[in-house]
Amino acid sequence: MKPRFLCLDLRPPTVREMSAPPSASILCLGNFDGVHVAHRALLREGLRLRDTRLPDGLCGVFCFFRPSIDYLPRPDLPSPRASHLTSLGEKLGLFADAGMDFVCLVDFPAVRDDAPETFLDVLCEATNCRGAVCGYNFRYGKGGTGNSDTLYTYFSQPHLCGASVVSEITVDGAAVSASRIRACLSVGDVRTAAALLGRPYTLDAPVVHGKKLGRTIGFPTANQYFPPARIIPAYGVYATRCHTPYGVFSGVSNVGEHPTVDTHARVNCETYILGLSRNLYGKRIRVEFVEYLRPEKRFESLEELTDAIRRDADTARCLLEK
């Protein structure tokens, strides 16, 4: 029988499986795709609840590890849809940066048919949870019949520390949500996506070999593929900021199929990094999408393509310098 819960210690020096559950904990509950600004408000509330009501306990995060299977490979699970803002590995790093002590990963199929109170009983047993924080629209238990009200009632028992429900967080008059961020990315609005995430949307992946055409026209590029489950922003050209082993540089990135020089190509991100001429093959770089410049376009000649890249690079340089 597969374990339903796995607790990972996020405290330095490295992420590792906990040898034993926490002696007592406060849990932040949710899926946390993107770990956006509303999620981080929830994590801060978890720390506040821990510090005021359970100072000797740990503050952790509960989330499902399905379908985020990049950290815990499961050959029996189907490939997830390309709908995720963050991989599980990235989530763990963001949780640690937010001050979380541990994360409790839960196999969703193993708990989806639990009644709400049964689920909370098992969760408390697995993590010694004494209090919880959730968002206003949190649902749990079979058929989503558990909600923030039933959670609050459960943790109001005398031997527990209580629960806190975080209200809706808005940006520009609308609620912050992963679905809103996905909608922004689908039309290339990476500026609004960054405001909702609290940081730019990124691609963190190794550089792979491409056709090496860029170097022949004076614009060598770094090619990266998006992970299978990752949202791909709208096809087009972006001003980007590139974190490399040699420093941080401005860049201009094309997301798409490169119609001028390729047909039926796998979608990738091809980045001309301004001011860097080093071999990056096999090295991981993090590309931050800062501004959408223009749609992807098929040019009639390599000369037209070269002129367009030059203009895009100049635009990206001016924009990022500001």
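Residues numbered from 1 in each chain as written. Predicted model: local features only at pLDDT ≥ 70, side-chain atom pairs only at ≥ 80, totals over all residues. Heavy atoms only, no water.

**Student:** Which residues make up the overall build of the protein, and what values go with them?
**Tutor:** Within the protein one finds nine helices and 17 strands. Here the protein holds 322 residues, and the buried ones make up 52% of them. In the structure as shown, the protein presents an accessible area of about 15,400 Å², 51% of it carried by carbon and sulfur atoms. (Helix = DSSP H or I, 4+ residues; strand = E, 2+ residues; numbered from the N terminus. Buried < 20%, exposed > 50% of the residue type's maximum accessible area, 1.4 Å probe, protein only. Areas by Shrake-Rupley, 256 points an atom, 1.4 Å probe, with all protein chains shown as cover.)

**Student:** Any details on the pairing of strand β17 (residues 284-294)? Residues and values, ideally.
**Tutor:** The two faces of a sheet get side chains in turn, since along a regular strand they alternate between them. As defined by bridge partners, strand β12 (residues 201-206) adjoins β17 across six bridges and the pair is classed as antiparallel. Bridging across to β17, Pro206 finds its partner in Arg284. In this sheet, β17 lies alongside strand β14 (residues 236-244) in antiparallel orientation, the contact comprising seven bridges. Looking at the pairing, Thr240 lines up with Phe289 of β17. (Pairing = 2+ DSSP bridges.)

**Student:** Summarise a nonpolar patch on the surface; cite the residues concerned and give the values.
**Tutor:** On the surface, a cluster of nonpolar side chains totalling about 280 Å² of accessible area is made up of Tyr136, Tyr152 and Val165. Mapping Tyr152 onto the fold places it in helix α5 (residues 148-154). (Patch = residues over 30% accessible without salt bridge, like charges linked within 9 Å, V, L, I, M, F, W, Y side chains within 5 Å. Salt bridge = Lys/Arg side-chain N within 4 Å of Asp/Glu carboxyl O.)

**Student:** Pulling in residues and values, what's your account of the layout of surface pockets?
**Tutor:** Any empty space left between atoms is shown by rolling a water-sized probe over those atoms. Taken as a whole, the second largest pocket spans an internal volume of roughly 500 Å³. What lines the second largest pocket is a set of 22 residues, among which His36, His39, Asn137, Val176 and Ser177 lie closest to the centre. Sorting the residues of the lining of the second largest pocket by element identifies α1 (37-53) and α6 (178-186) as the ones contributing at least two each. Counting residues per element, the lining of the second largest pocket draws most heavily on α1, which supplies three residues. (1 Å grid on protein atoms, 1.4 Å probe; cavity = no way out; pocket = protein on both sides within 12 Å on 5 of 7 lines; lining within 4 Å. Points joined across faces, edges and corners; volume = space filled by probe spheres on them.)

**Student:** Before we move on, can you summarise the sheet that holds strand β2 (residues 16-17) with the specific residues and values?
**Tutor:** The mixed open sheet is built from seven strands, whose spatial order is β2-β1-β5-β4-β3-β6-β9. Looking along the sheet, the strands with just one partner apiece sit at the ends: β2 and β9 (162-166). Where strand β1 (residues 5-9) and strand β5 (residues 102-106) come together, five bridges link them in antiparallel fashion. In the sheet register, Leu6 faces β5, and the bridge partner there is Leu105. Those strands touched by helix α4 (residues 116-127) are β1, β3 (25-29), β4 (58-64), β5 and β6 (129-135), and its axis lies near 40° from that of β1. (Contact = heavy atoms within 4.5 Å. Axes fitted to C-alpha atoms, helices over the stretch in contact; angles between N-to-C directions.)

**Student:** Quick rundown of the nonpolar core? Include the residues and the values.
**Tutor:** Counting 31 residues, the largest nonpolar core has Ile181, Leu185, Tyr201, Ile273, Leu280, Ile285 and Phe289 as its most contacted members. At the level of elements, α6, α7 (190-197), β12, β14, β15 (247-256), β16 (268-273) and β17 are the ones that each hand at least two residues to this core. Those residues in contact with Leu185 that sit more than four places away from it in its chain are Leu85, Val190, Ala193, Tyr201, Ile231, Pro233 and Ala234. Counting residues in hydrophobic clusters, the runner-up holds 27 residues, among them Phe5, Leu27, Cys129 and Cys134. (Core = buried A, V, L, I, M, F, W, Y, C linked by side-chain atoms within 4.5 Å.)

**Student:** I'd love a proper account of the pairing of β5, names of residues and values included.
**Tutor:** For β5, a buried count of five out of five residues is recorded, marking the element as mostly surrounded by other parts of the structure. Of the two faces of β5, the one holding Phe102, Cys104 and Val106 and the one holding Val103 and Leu105 are both buried throughout. Across five bridges, β4 lies against β5 in parallel orientation. Bridge pairing in β5 links Phe62 to Cys104.

**Student:** Account for the sheet that holds β15, with residues named and values stated.
**Tutor:** Read from one edge of the open sheet, six strands run β12-β17-β14-β15-β16-β13, paired in antiparallel fashion. Pairing within the sheet leaves two strands with one partner each, and these edge strands are β12 and β13 (222-224). Across the sheet, the mean angle from the axis of one strand to that of its neighbour is 35°, orientation sign disregarded. The pairing of β13 with β16 spans three bridges and is classified as antiparallel. Note on β16: the bridge partner recorded for Gln224 is Cys269.

**Student:** Hey, could you go over the environment of Leu27 for me, with residue numbers and the actual values?
**Tutor:** Within the secondary structure, Leu27 is located in strand β3. Between the C-alpha atoms of Leu27 and Gly60, which are 33 residues apart in sequence, the distance is 4.9 Å. Excluding anything up to four places from it in sequence, Leu27 contacts Gly60, Val61, Phe62, Phe102, Leu123, Thr127, Cys129, Gly131, Ala132 and Val133.

**Student:** Could you give an account of the side chain of Asn223, with specific residues and numbers?
**Tutor:** Looking at where Asn223 falls in the secondary structure, it is placed in strand β13. Residue Asn223 is classed as buried on the basis of its relative accessible area of 8%. Within the structure, the side chain of Asn223 is placed 3.1 Å from the side chain of Asn268, a separation counted as a polar contact. Not counting the four nearest positions on each side in its chain, Asn223 is found in contact with Pro206, Val207, Val208, Gly210, Asn268, Cys269 and Glu270. (Polar contact = N/O pair within 3.5 Å; in protein donor to acceptor, adjacent residues only side chain to side chain.)

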